[in-house]
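Commentary on secondary and tertiary structure
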Amino acid sequence: KIEKPKPIKCGTFGATSLQQRYLATGDFDGNLNIWNLEAPEIPVYSVKGHKEIINSIDGVGGLGIGEGAPEIVTGSRDGTVKVWDPRQNDTPVANMEPVQGESKRDCWTVAFGNAYNQEERVVCAGYDNGDIKLFDLKTMSLRWETNIKNGVCSVEFDRKDINMNKLVATSLEGKFHVFDMRTQHPTKGFASVSEKAQKSTIWQVRHLPQNRDIFMTSGGSGSLHLWKYEYPAQRSKKDSEGSEMGVAGSVSLLQNVTLSTQPISSLDWSPDKKGLCVCGAFDQTVRVLIVTKLNKI
């Protein structure tokens, strides 16, 4: 048990090795800290990353997941999304902020993807007004944007370390969207399918590490829903102008359970033991669960 003066909003082990197990955290004052949990008195890396609370954090290049340098991305209420290399002090390696004249939006969620070689890497960010933005870190440009008409609570690629394949985005009003990220149409972007899971907020989505077509959503009603994505017969087709466009698949509910009277706000799968997961809820309880029969799906 480690106590710090500033409340911590989010954390990740994603940019560290299994041997180091350094925890990167974002706090309510906009600080990004990296802690060695063996000696947690002073952070091994610390930067005042944002002017306001860091809502979301993700890491890549560590834990043997994803090619390229170990990096951390932070999304904040101040409207900016920043990418940090822990080997470089004080300044982010990338800073995605509103363009001149554009109002700042509260960034609620960030996720890395497309880290399949040393050069490629993208960051996806979701905002309080329903905007989803995909930043290409190789070209340092905005690659795609869309709006799902509802605050985006969580985004996750089905895998960080492969060619972009699928992205799930969850929203404030119980809906989630699965985007097929393999084919980007010049004007229509990526094909997607949406599903209304429940009446309350879907706080988080996490893909099963051992099967990227299965994912779990956690809800404001204290429930977990397990979903399976089915690919269409063909994933792309040509439009009338001859441009390739993606074809969305379908989603089916495998199982659901209500565990708490309060929202389940965080969730993670074990990378080793298939079906083992952990979740935290507003009732101050951490629950460890096992999902069985996943090998039969």
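Nothing here was measured: the structure is a model prediction, and the numbers come from that model.

Another aspect to go through is a positive patch on the surface. Residues Lys149, Lys175, Lys196 and Lys199 make up a contiguous surface patch of positive charge. For Lys199, the location among the structural elements is in the loop between β16 (192-196) and β17 (202-208).

Another aspect to go through is the pairing of strand β11 (residues 131-136). Burial within β11 is extensive, with six of its six residues counted as buried. Residues Asp131, Lys133 and Phe135 point to one face of β11 and Ile132, Leu134 and Asp136 to the other, with burial holding for every one of them. As paired elements, strand β10 (residues 122-127) and β11 share five bridges and run antiparallel to each other. Looking across to β11, one finds that Cys124 is bridged to Leu134.

Another aspect to go through is the sheet that holds strand β24 (residues 276-281). The antiparallel open sheet is built from three strands, whose spatial order is β23-β24-β25. Each edge of the open sheet carries a strand with a single partner, namely β23 (264-269) and β25 (286-290). Each neighbouring strand pair of the sheet contributes to a mean axis angle of 20°, computed without reference to strand direction. Pairing geometry for β23 and β24, over five bridges, is antiparallel.

What counts and how
- Along each chain, residue indices are assigned from 1 in the same order as the chain's sequence is written.
- Side-chain atom pairs in this predicted model are given and counted only at pLDDT of 80 or more, local residue features only at pLDDT of at least 70, and totals for whole chains, interfaces and linings cover all residues.
- Hydrogens and water are ignored here; the side-chain numbers use all heavy atoms of the structure.
- Like-charged residues within 9 Å of one another, or nonpolar side chains (Val, Leu, Ile, Met, Phe, Trp, Tyr) within 5 Å, are grouped into patches, provided each residue has over 30% relative accessible area and no salt bridge.
- Under the convention used here, a 1.4 Å probe and the Shrake-Rupley method define accessible areas, while residue burial counts only the protein chains that appear.
- Just to be clear on terms, a salt bridge is a Lys or Arg side-chain nitrogen sitting within 4 Å of an Asp or Glu carboxyl oxygen.
- The convention is simple: Lys and Arg are positive, Asp and Glu are negative, and His and the chain ends are not counted.
- The atom standing in for a charge is NZ when the residue is Lys, CZ when it is Arg, CG when it is Asp and CD when it is Glu.
- Under the DSSP-based scheme used, a helix requires at least four consecutive residues in state H or I and a strand at least two consecutive residues in state E, with every element numbered from the N terminus.
- Only protein chains enter the accessibility calculation, which uses a 1.4 Å probe; a residue whose area is less than 20% of its type maximum is buried, one above 50% is exposed, and one in between is partly exposed.
- When DSSP finds at least two bridges between two strands, those strands are taken to pair.
- Helix axes are fitted only over the stretch in contact, all axes being lines through C-alpha atoms; the angle between N-to-C directions runs from 0 to 180 degrees.

Just distances and angles here, no functional claims.
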